[in-house]
Amino acid sequence: MAAAATAAAARRVPLRASPPAQASPETAKAPVSIPTSSAASASPLRAAAAPSSGRRLPAPPLRCSSSSSEIPTPPSIGLLVEVEGVLADVYRFGNRQAFNVAFQSLGLDCANWTEPIYADLVRKARGDEERMLVLFFDRIGWPTSLPTSEKGSFIKSVLREKLKALEEFSACDSLPLRPGVEQFIDDALSEGVPVAILAAYGRNGEKISRSIAKKLGPERMSKIKIVGKDEVEGSFYGQLVLGKGVTSSLDEQLISEAQKAASAEKQRIAEEVASILKLSVDITASESSEKVIAALRAGSEYVGCDVQNCILVAGSQSGVLAAERIGMPCVVVRSSVTARAEFPSAKAVMDGFGGTDLTISKLLSKKWS
C-alpha cells in the first residue's frame, strides 16, 4: 500500500528541470581532455554538435580539395608575329619579281628591276612604292605616249598589276617561308606560348598576308590565331576604342579630323626642311599608326596576355614604333629591305631564326642577345 501511495504522489507533482550543476573550482581549473582517436578526428562536426548551453557553434570553414583548387595559370608570354619580312621575305622573293611581271604585262620592255636596282630604289624612297616608280621612270624616261597629266593613273595601274602578280606568288612556292620560322613556331607551341599572326596591316594587304600564313600548314594554323581586320574590329579594344558598334559623337569626329590635318601638316613641313637639308624623313601618319596599335592590342587579347607580357616579332618600322608607344617588347628580324635599318627601341635585332639568332628559349629567358 505504501508503495502505491508514493507512486500516486509522484504522478501529481509536476516534473521540474534541475538547474545546471555548478562546477567546482577544481573542476573549472582542470584541463580539457582532447580525444586523439582516429574516430574523433575523422568527424569534427559530430564532436562539436552537443553544446550544453543551447547555443549553436559556428560551422568550421569549408576547405576545397586540391583538385578543385587547380586553376590554369596564364602563359608567361604571348607571341605576336608580323608577316611581311618575318614569316617570309616578301621584298626579296615577291615584290621585285611582281614588279617585273607588271612591267611585262603593261608592255614596258625597257623596265626590269635587278636586285641592286630594287635595293637602291627602296633605300631612296624608304619603301614607298609610288615614289620608287617615279624615281625609276624619272631616271630611264617615261613612256613616250604617256601625257604628263596621266602619270598618276599610270603609276596606279602598275601597282595594280604588281599586286595581282604578288597574290599569285604568295600562293605558290615562288615565295617561300623564311628558314627556321616553322621550327620557331613549333617550339613556341610546345612550350605553351600562344601565337598570333598579325595580318591586319602590311604594305601588300591582308589577303596576301593570310596567303603567306597558310604556308605554315593546316596543323599549325589550327593552333594559332590570325588577326586581320575583322578580328581587330571584333576585339574588346576595337569595339570600345575604335568605335565599332559605338556611335561616336560629333566632337570625337572633329577631334579625329583635326588630328589627321595636324599630322599631314607636320609631314609637309618635315619634307620641306628635309629637302633643304638633303635628308629623307618619314613621319608616320596618326591613322596608320593607330591601325597598327589596334592590331597589337587585339593580338594581345587573343593570346590572353597584357601588352607588357607580349613580344612582337617585327619586320617593319611601323610595328616597332607602335609597340614602343604601348610598351610592348619588340624583337626585330631583319629582311632584305631592313638589312641596314636601325631599330633603337627594339630589345634585339637579329638576322633570322634558330641557332645564334632568334629562338623561343631566348624569349622565355628574355636573353635578347
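A brief report on the enclosed structure follows. If you're wondering where the values come from, they're calculated on a predicted model, not measured in any experiment.

Section: helix α7 (residues 129-140)
Moving on, step 1. Across its twelve residues, α7 extends 17 Å between first and last C-alpha, which sits within 8% of the 16 Å expected from 1.5 Å per residue.
Moving on, step 2. Here α7 has its buried residues at Glu129, Met132, Leu133, Phe136 and Phe137. Buried residues in α7, looked at end-on, bunch into an arc of 120°, giving them a common side.
Moving on, step 3. On its buried face, α7 sits against α5 (90-105), α6 (115-125) and α8 (151-170).
Moving on, step 4. If you check the start of α7, you find a side-chain oxygen 3.1 Å away from the backbone N of Glu130, and it comes from Asp128.
Moving on, step 5. Positive phi appears at Gly141, one or two residues downstream of α7, with a value of about 105°.

Examining the state of the cysteines
Moving on, step 1. On inspection of all chains with the given rule, the structure shows zero disulfides.
Moving on, step 2. Not engaged in a disulfide, the cysteine Cys310 finds its nearest cysteine sulfur in Cys305; these two sulfurs lie 4.9 Å apart.

A closer look at a nonpolar patch on the surface
Moving on, step 1. A contiguous nonpolar patch, built from Phe236, Leu240 and Val241 and spanning about 330 Å² of accessible area, is present on the exposed surface.
Moving on, step 2. Within the element layout of this structure, Leu240 appears in helix α13 (residues 236-240).

Here we look at the nonpolar core
Moving on, step 1. Grouped together as the largest cluster of nonpolar side chains are 38 residues, with contacts concentrated most on Leu79, Leu87, Phe184, Ile197, Ile212, Leu358 and Leu363.
Moving on, step 2. Residue contributions to this core peak at four residues, all from helix α9 (residues 181-190).
Moving on, step 3. Residues contacting Ile197, with those up to four places away along its chain left out, are Val81, Val83, Leu87, Ala213, Ile224, Lys225, Ile226 and Val227.
Moving on, step 4. Leu198, Ala200, Val292 and Cys310 belong to the second-largest nonpolar core, a separate cluster that totals 29 residues.

Section: the sheet that holds strand β2 (residues 195-198)
As a general point, the strands of a sheet are linked pairwise by backbone hydrogen bonds and lie either parallel or antiparallel.
Moving on, step 1. On the basis of which strands lie adjacent, the open sheet formed by six strands has the order β3-β2-β1-β4-β5-β6 and parallel pairing. Strands at the two margins of the open sheet, each flanked by one partner only, are β3 (225-227) and β6 (348-350). Between one strand axis and the next, the sheet turns through 20° on average, direction left out of account.
Moving on, step 2. Pairing geometry for strand β1 (residues 78-82) and β2, over four bridges, is parallel. Within β2, the residue paired with Leu80 across the bridge is Ala196.

Rules behind the numbers
Residues numbered from 1 in each chain as written. Predicted model: local features only at pLDDT ≥ 70, side-chain atom pairs only at ≥ 80, totals over all residues. Heavy atoms only, no water. Helix = DSSP H or I, 4+ residues; strand = E, 2+ residues; numbered from the N terminus. Expected span 1.5 Å × (residues − 1). Buried < 20%, exposed > 50% of the residue type's maximum accessible area, 1.4 Å probe, protein only. Arc of directions from axis to C-beta. Contact = heavy atoms within 4.5 Å. Polar contact = N/O pair within 3.5 Å; in protein donor to acceptor, adjacent residues only side chain to side chain. Disulfide = S-S within 2.5 Å. Patch = residues over 30% accessible without salt bridge, like charges linked within 9 Å, V, L, I, M, F, W, Y side chains within 5 Å. Areas by Shrake-Rupley, 256 points an atom, 1.4 Å probe, with all protein chains shown as cover. Salt bridge = Lys/Arg side-chain N within 4 Å of Asp/Glu carboxyl O. Core = buried A, V, L, I, M, F, W, Y, C linked by side-chain atoms within 4.5 Å. Pairing = 2+ DSSP bridges. Axes fitted to C-alpha atoms, helices over the stretch in contact; angles between N-to-C directions.

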